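# Report on the structure
One letter stands for each residue in the lines below.
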Amino acid sequence: MFGADDEALLRGAAAFETLRVYGGRPFLLDRHLERLSRSAAVLELPAPEGAAELARLVAAAAPPDHVLRLYRTSAALVATAAALPPGLDEQRERGSSLQTVDVGAPSQLLAGVKSTSYALSLAARRAALAGGSDDALLVAGEQVLECSIANVWWRRGEILWTPAAGPGVLAGVTRSLVLELEDVVEKTTTIAEVLNADEVFTTSSIREVMPVVSIDGVLVGDGRPGAAAARLQSALRLRSAV
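Residues numbered from 1 in each chain as written. Predicted model: local features only at pLDDT ≥ 70, side-chain atom pairs only at ≥ 80, totals over all residues. Heavy atoms only, no water.

### Comments concerning the pairing of strand E5 (residues 96-102)
Where E5 meets strand E12 (residues 208-215), three bridges bridge the pair, whose relative direction is parallel. Pairing of Ser 96 across the sheet is with Val 212, part of E12. Two strands pair when backbone bridges link them, and E5 and strand E6 (residues 135-140) are joined in this way by five bridges, in the parallel orientation. Within the sheet, the bridge partner assigned to Gln 99 lies in E6 and is Ala 136. (Pairing = 2+ DSSP bridges. Helix = DSSP H or I, 4+ residues; strand = E, 2+ residues; numbered from the N terminus.)

See below:
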């Protein structure tokens with residue numbers, strides 16, 4: 001329960017994590033808890049002690065497969081459960097479309113922090129949806145950052161690339177898993193490089209590995225979901241079943 005004087009309500013100053021629950025088990029919970037602790041420390045919030053037990057209690061009480069969210073506010077530690085977004089597997093089969101949205105140079109102050117201050121990302125996402133795309137690809141001038149709620153990856157030949165984590169690019173938990181599964185080059189890059197890729201996909205805890213088939217109306221590769229995305233999605237599901 002949030003109090004009327006809680007900074008989470010007054011100014012959006014809360015740390016949070018969103019994770020997927022498979023078969024009643026929160027996936028990669030330890031990694032999410034580590035990032036929640038780091039975010040809380042940067043925001044000068046109390047440590048999220050007891051978050052692991054709270055997450056498991058909520059996961060056990062909810063349907064076997066769902067979205068679990070953890071919040072550390074200035075006054076409370078909260079966990080919630082919600083249904084998975086509909087149509088994810090169908091979207092994965094056809095591939096998603098992105099629209100670039102320039103959000104300006106990112107700030108160094110909250111690099112690596114996952115906070116509830118998502119207004120800019122969600123505004124970019126709404127702009128992309130209004131333009132007929134599935135999500136926004138955030139850029140700062142020509143530099144590619146991330147999507148509104150996901151990390152972005154691209155493949156040229158046999159080499160897989162992703163923007164280096166830092167200001168404007170959150171070190172996603174699913175991103176960390178992909179870095180373990182594949183040899184990846186992390187670098188600052190431009191939109192021109194991504195548009196010339198053979199394959200593009202995004203990763204997030206809820207949407208998992210999502211192929212991208214077009215950016216700003218331009219087809220990616222042959223305009224179909226690619227092999228790397230399919231391979232990584234299978235690997236992720238295998239890991240979630242362990």
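### Some remarks on the environment of Val 212
As for its placement among the helices and strands, Val 212 is situated in strand E12. Exposure remark for Val 212: the relative accessible area of 2% places this residue in the buried category. Ignoring sequence-local partners within four residues, the contact set of Val 212 consists of Ser 96, Leu 98, Val 200, Phe 201, Thr 202 and Val 220. (Buried < 20%, exposed > 50% of the residue type's maximum accessible area, 1.4 Å probe, protein only. Contact = heavy atoms within 4.5 Å.)

### What to know about the pairing of E6
Burial analysis of E6 places six of its six residues in the buried class, which makes it a mostly covered element. Crossover E5 to E6 through helix H5 (residues 119-130) is right-handed. Strand direction decides the pairing type here: E6 and strand E7 (residues 143-147), joined by three bridges, are antiparallel. In the strand pairing of E7, Ala 140 is matched with Gln 143. Counted between consecutive antiparallel strands, the loop separating E6 from E7 contains two residues, among which Gly 141 sits at a positive phi close to 70 degrees. (Right-handed = clockwise from strand over helix to strand, strands pointing away.)

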